[in-house]
Amino acid sequence: MSRFSSMSRVRRALVVLLSLVTVVALAAGGGFLWLYTDARVSTVGKADFDNALAIPPLAESTVRADGTRVFDLTMRKGEQEFMAGRPTPTWGFNGDYLGPTLRAERGEKVRVNVDNTLDEASTVHWHGMHLPAKMDSGPHQMVEPGASWSPRWTVDQPAATLWYHPHPHGATEKHVQRGLAGMFILDDKKSGRLALPDTYGVDDVPVIVQDVKFDDDAKFDHGRGLLANTGFLGDRTMVNGTLDPYQEVGDELVRLRLLNASTARVYDFGFDDGREFALVGTDGGLLEKPARLKRVQLSPGERAEIVVRMENGGRTVLRSFPKDNYGDFYQSRFAGGDDSFDVLELRAKAELRDSPELARSFGELEVPDGSDSVRGRFFGLRQSGINSRPMDLGRIDETVTRGTTETWTVRNEDGVPHNFHVHDVQFRVLEVDGKEPPPELRGAKDTVFVPGGRTVKLAMRFDGPADPDTPYMFHCHLLLHEDQGMMGQFVVVEKGQRAGKVPAGHEHGTH
């Protein structure tokens, strides 16, 4: 065989190999381009808004001789026709999907009888509530199938929009997606004296926003995108369990209590016509004064109370816009940052009732400003865990002293969108990347969004009863991340007292 012939064969082999590499590269590039293009979701201009918004009923309650207000909640399976004639299997509290709105006043003693008729254990966590650790209903306080639990506490915090949802370790995302969630509204005398819209379901409207996806059989499709790293992202939204909802408005001013009850999606709420609204409250209650805004961003678990002005016969659409703080192009596209949704249409009647103007000031916040902090702590957020440690139900991560204020620094270290929720307390955001927080982060908060590379500094005071053996949680409230171990535990102790030992097994479920 000649030398020339051998070289020709080598050249042909190299050409073939290069061609194969090129084909594979083009296919991979084309596949990624297809995935990138297909990942963006938008319902803008596509919603018909032909369904009247369902308003969750106010939960019935009884008041005992000692003044305790008693609610009853039953976790149950159900079936809901989100689309006419096409039933979807669901879970709910006291009904097929979601739950009633619980309402109590500051100073009241509250008891909630929780019954579990599901075929698996779950919990009911009172998100945003200041209460004893044994009543908080974290993952240590499971209610077994066929069992019941009756937490009780005294409401000792300002008027606010809170909510309740399950908190089973490793299964929170699934339980919330199936429909176990509801609102818990707190009132107080101060807010009652303010000229705020306050007729529930009329000019004071609960807006529980979830993203969903349905399969061909009208069942929930909870599958995650191939490249999604934040959790489930649906292709449409519903409010209070209503697809394409509209709300008829009869007053000049309407108050919307916005709750992001999605498990991973972040919303940037505003209106399609660019109108301003007044932000009057955040997670833990009213701001010191209304803030005039055009957008308010809510990550999973966060709440905002906004007041919007309507005109006779006018309409406007509550919209979620693409986000500009998701980090690189990958997260913006595959974690939902580029997505947009038409969420709820407000339809004003031809003649609206007059509404009083909002007060210029609501009073001082009941959260610390950090000036009396006794110590600081650092929390690095990664999908692998907080401070490089995945959740361990038997380990107490932090011990805090009752009656003290601390400053917690929270940093997103891996670039994937996260947020940070602390049980029992409301905190003040002192800084965002070393700067003063924007108006929407200047109220009382229990959950804060922490995009990739961002650092927030939080001040919080631990006023609850000491309990060295029963922990509260801190965690990412993107529920897939929580389920995968982005969570830790802290206990509150008296000065000089040490943390105890977390009890093994489940508590508070009794047949």
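The shown structure was predicted, so the numbers you read here are calculated from the model rather than taken from an experiment. (Residues numbered from 1 in each chain as written. Predicted model: local features only at pLDDT ≥ 70, side-chain atom pairs only at ≥ 80, totals over all residues. Heavy atoms only, no water.)

(A) Main features of the sheet that holds strand β26 (residues 398-401). Taken in spatial order, the five strands line up as β26-β33-β32-β28-β30 in an open sheet, and their pairing is mixed. Edge positions in the sheet fall to β26 and β30 (447-450), since each has one partner strand and no second. Pairs of neighbouring strands in the sheet enclose a mean axial angle of 25°, with direction left out of account. Pairing of strand β28 (residues 418-422) with β30, which is carried by four bridges, proceeds in the antiparallel orientation. Pairing of N419 across the sheet is with F449, part of β30. (Pairing = 2+ DSSP bridges. Helix = DSSP H or I, 4+ residues; strand = E, 2+ residues; numbered from the N terminus. Axes fitted to C-alpha atoms, helices over the stretch in contact; angles between N-to-C directions.)

(B) Representation of the packing of aromatic side chains within the structure. Scanning the entire structure with this criterion turns up 26 aromatic pairs. Between F82 and Y97 the ring centres are 5.1 Å apart and the planes differ by 85°, which places this aromatic pair in the edge-to-face class. Pair noted here: F82 is in strand β3 (residues 68-83) and Y97 is in the loop between β4 (86-93) and β5 (102-105), with a separation of 15 residues, a long-range link. The residues F82 and Y97 share a single accessibility class, namely buried. Aromatic pair F474 and F490: ring centres 6.5 Å apart, planes at 25°, arrangement stacked. Here F474 is found in strand β32 (residues 472-475), whereas its partner F490 is found in strand β33 (residues 487-493), with 16 residues between them in sequence. No difference in accessibility class separates F474 from F490, as the two residues are buried. These aromatic residues form a ring-pair network of at least three members: F379, W408, F420, F462, Y472, F474 and F490. Of note, R178 hangs over the ring of W91, and the distance from its end group to the ring centre comes to 4.4 Å. Between the NZ or CZ atom of R295 and the centre of the ring of F321, over which it lies, the distance is 3.6 Å. (Phe/Tyr/Trp six-rings, centres within 6.5 Å; stacked < 30°, edge-to-face > 60°. Buried < 20%, exposed > 50% of the residue type's maximum accessible area, 1.4 Å probe, protein only. Lys NZ or Arg CZ within 6 Å of the ring centre and 35° of its normal.)

(C) Summary view of the nonpolar core. Grouped together as the largest cluster of nonpolar side chains are 31 residues, with contacts concentrated most on V207, L256, L258, F269, V296 and L346. Of all the secondary structure elements, the ones that give two or more residues to this core are β12 (204-212), β16 (253-260), β17 (267-271), β18 (277-282), β19 (285-293), β20 (296-298), β21 (303-309) and β23 (341-353). Residues within four places of L346 in sequence aside, it is in contact with Q247, V249, V254, L256, F271, V308, M310, G314, R315 and T316. Counting 28 residues, the second-largest nonpolar core is a separate cluster that includes W126, L131, W149 and F184. (Core = buried A, V, L, I, M, F, W, Y, C linked by side-chain atoms within 4.5 Å. Contact = heavy atoms within 4.5 Å.)

(D) A look at the pattern of salt bridges. Following the criterion strictly, the structure yields 43 salt bridges and no others. With a shortest N-O distance of 2.9 Å, E108 and R69 are connected by a salt bridge. In this pair, E108 sits in the loop between β5 and β6 (109-116) while R69 sits in strand β3, placing the two residues 39 residues apart along the sequence. Close ionic contact of D342 with R319 constitutes a salt bridge, the shortest N to O distance being 2.6 Å. In this pair, D342 sits in strand β23 while R319 sits in strand β22 (residues 315-320), placing the two residues 23 residues apart along the sequence. Relative accessible area serves as the criterion here: at 7%, D342 is assigned to the buried category. Among the charged side chains, a network of salt bridges with common partners joins D283, E302, R303, K445 and D446. (Salt bridge = Lys/Arg side-chain N within 4 Å of Asp/Glu carboxyl O.)

(E) Spotlight on the side chain of H125. Structurally, H125 can be placed in strand β7 (residues 125-127). For H125, a relative accessible area of 1% puts it in the buried group. Contacts of H125, omitting those with residues within four sequence positions, involve D136, S137, W163, Y164, H165, H167, H421 and H423.

(F) Structural view of unusual backbone geometry. With a phi angle near 55°, N387 is a residue other than glycine that sits in the positive phi range. Within the element layout of this structure, N387 appears in the loop between β25 (385-386) and β26. A positive phi angle, near 55°, is found at D433, a position not held by glycine. Along the chain, D433 turns up in the loop between β29 (427-432) and β30.

(G) Highlighting the environment of P158. With respect to the helices and strands, P158 occurs in the loop between β9 (152-154) and β10 (160-165). Between the alpha carbons of P158 and A444 there is a distance of 9.9 Å; along the sequence they are 286 residues apart. Excluding residues that lie within four positions of it along the chain, P158 makes contacts with R106, L186, D188, G284 and E366.

(H) Local environment of the sheet that holds β12. Strand order across the open sheet formed by seven strands is β14-β13-β12-β16-β21-β18-β19, with mixed pairing between neighbours. Strands at the two margins of the open sheet, each flanked by one partner only, are β14 (242-243) and β19. When β12 meets strand β13 (residues 236-239), the two strands line up antiparallel, connected through four bridges. Paired with D211 across the bridge in β13 is T237.

(I) Structural detail: the confidence of the model for the protein. The predicted model of the protein has a mean per-residue pLDDT of 92, with 91% of residues at 70 or higher. Ignoring residues within four places in sequence, the model shows residues 21-29, a span with pLDDT below 50, making zero contacts including any to other chains. Every residue in residues 505-511 scores below 50 in pLDDT, and together they form 21 contacts with partners more than four places removed in sequence or on other chains. (pLDDT = per-residue confidence, 0-100.)

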